[in-house]
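Overview (structure and organization)
Each chain, letter by letter, is given below.
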Amino acid sequence: MEDLREKYLSLISGATDEASLENLRVQAVGKKGEISLRMRSLGKMTPEERQEAGPALNALKDEVNSALVARKSSLSDAALEERLKGEWLDVTLPARLARQGSIHPISQVWGEVTEIFADMGFSVAEGPQIESDWYNFDALNIPGHHPARAEMDTFYTYRDQDDDRPPHVLRTHTSPVQIRSMEKIGAPLRIICPGRVYRADYDQTHTPMFHQVEGLAVDTDVSMANLKWCLEEFVKAFFEVDNVELRFRASHFPFTEPSAEVDIRCNWSGGQLKIGEGDDWMEILGSGMVHPKVLHAGGIDPTVYQGFAFGLGIDRIAMLKYGIPDLRAFFDSDLRWLRHYGFNALDKPGLVSGLSR
Ligand code: PHE
């Protein structure tokens, strides 16, 4: 019995994996195992012999069983230890700095503008990019023969020759959202609408697709002074400076009366664009008091209500703020350009945390 004990204990402690340990278990204490067979032979012994051999065999079986269990757990500890060595990770390492992507300057500025006007009580409205002739022109006091239709270099959709309905257009400005918002919300109302617009034009400061933010405030006592204040506050907040020089130039839009175009003082020299200084002016928006016919088209009584409206070029002010000289590069998807001018995706513009960092 002592031989059996030594044999199995040494085999068990020498086992190097769980499979060979299982073989040993079958060989020793399995149904036909060496120790099990010995126990079966107890029946053939004399009572005296049995009294001695019985407890000894039981003790041996227990000892072998516990040696098997102990070895099994130390083998699996060792396996775990080995795995952990391979899967080791230094949690004190700094986060990965290399940015995989970035926020496009247009999206950044879109967010900044929304943030500033939200603070002044404007909510965000939306409208379709493929717009009906009525919303894009007629409702805005631009009738069929009006030269402004030609000025806007409109993209028309295709209609069959025998279809005499006016074709839809790619909206040439965000102003149709004025009408849609008046219809939907009524008066009083205060909305901005950032979005894509389209015109057939292409040079350093024009692309066939660009972005505008429309602004519209309608109430019983809204004036041109309110418009001027809002725009000045906006421009200061947006450019993050105490003073920016604006020039309100008398102008004409069919949908506003009176109308003003607003320019910002800047400097184009040396290929670098600077705002607030220099002898150049860059037009950034069109504005005015909403024409009574437009209020009427939107279902609002022009004898009770009045409003101001403006349309601002998002791409323009992005170029000015971030010193981007060529508008066309915005839409080239050149990764080097995007890495240079893009913004960290985790820095959301906010009036408290800072608009741009
Ligand atoms: N819709 C005009 C444009 O695209 C801008 C504008 C909007 C002017 C609102 C006045 C009022 O040029």
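Residues numbered from 1 in each chain as written. Predicted model: local features only at pLDDT ≥ 70, side-chain atom pairs only at ≥ 80, totals over all residues. Heavy atoms only, no water.

**A word on the site of the ligand**
- In the vicinity of the ligand there are 14 residues, among which His 173, Ser 175, Arg 199, Gln 212 and Gly 311 approach most closely.
- A distance of 3.0 Å separates a nitrogen atom of the ligand from a polar side-chain atom of Ser 175.
- Side-chain polar atom of Gln 212 to an oxygen atom of the ligand: 2.9 Å apart, as the coordinates give it.
- Burial of the ligand by the surrounding chains reaches 92%, relative to a free accessible area of 330 Å².
- The site holding the ligand turns out to be the largest pocket.
- Sorting the residues of the shell around the ligand by element identifies strand E5 (209-219), strand E9 (280-290) and strand E10 (306-313) as the ones contributing at least two each. (Near = heavy atom within 4 Å. Polar contact = N/O pair within 3.5 Å; in protein donor to acceptor, adjacent residues only side chain to side chain. Areas by Shrake-Rupley, 256 points an atom, 1.4 Å probe, with all protein chains shown as cover. 1 Å grid on protein atoms, 1.4 Å probe; cavity = no way out; pocket = protein on both sides within 12 Å on 5 of 7 lines; lining within 4 Å. Sits in = over half its atoms within 2 Å of the grid points. Helix = DSSP H or I, 4+ residues; strand = E, 2+ residues; numbered from the N terminus.)

**Concerning the packing of helix H2 (residues 18-29) against helix H4 (residues 47-86)**
- Viewed as axis vectors pointing N to C, H2 and H4 meet at an angle of 175 degrees, and their least axial separation amounts to 10 Å. With respect to H4, the element H2 is oriented roughly antiparallel. Residue-level contacts link Glu 18, Leu 21, Arg 25, Ala 28 and Val 29 of H2 to Lys 61, Val 64, Asn 65, Leu 68, Arg 71, Lys 72, Leu 75 and Ser 76 of H4.
- Here the contact of H2 with H4 is built from residues that sort into 6 nonpolar, 2 polar and 5 charged. (Axes fitted to C-alpha atoms, helices over the stretch in contact; angles between N-to-C directions. Parallel < 35°, antiparallel > 145°, perpendicular 65-115°, else oblique. Contact = heavy atoms within 4.5 Å. Nonpolar A, V, L, I, M, F, W, Y, C, P; charged D, E, K, R; others polar.)

**Notes on the packing of aromatic side chains**
- According to the stated counting rule, one finds 10 aromatic pairs in the structure shown.
- Look at Tyr 322 and Phe 343: their rings are 4.9 Å apart centre to centre, the planes differ by 70 degrees, and that puts the pair in the edge-to-face class. Of this pair, Tyr 322 sits in helix H11 (residues 314-322) while Phe 343 sits in the segment after helix H12 (335-341), and the two are 21 residues apart along the sequence.
- Take Phe 343: its relative accessible area is 9%, and that puts it in the buried class.
- Between the NZ or CZ atom of Arg 180 and the centre of the ring of Tyr 135, over which it lies, the distance is 4.0 Å.
- In this structure, Arg 328 packs its charged tip against the face of Tyr 202, placed 5.5 Å from the ring centre. (Phe/Tyr/Trp six-rings, centres within 6.5 Å; stacked < 30°, edge-to-face > 60°. Buried < 20%, exposed > 50% of the residue type's maximum accessible area, 1.4 Å probe, protein only. Lys NZ or Arg CZ within 6 Å of the ring centre and 35° of its normal.)

That is the geometry; function is a separate question.
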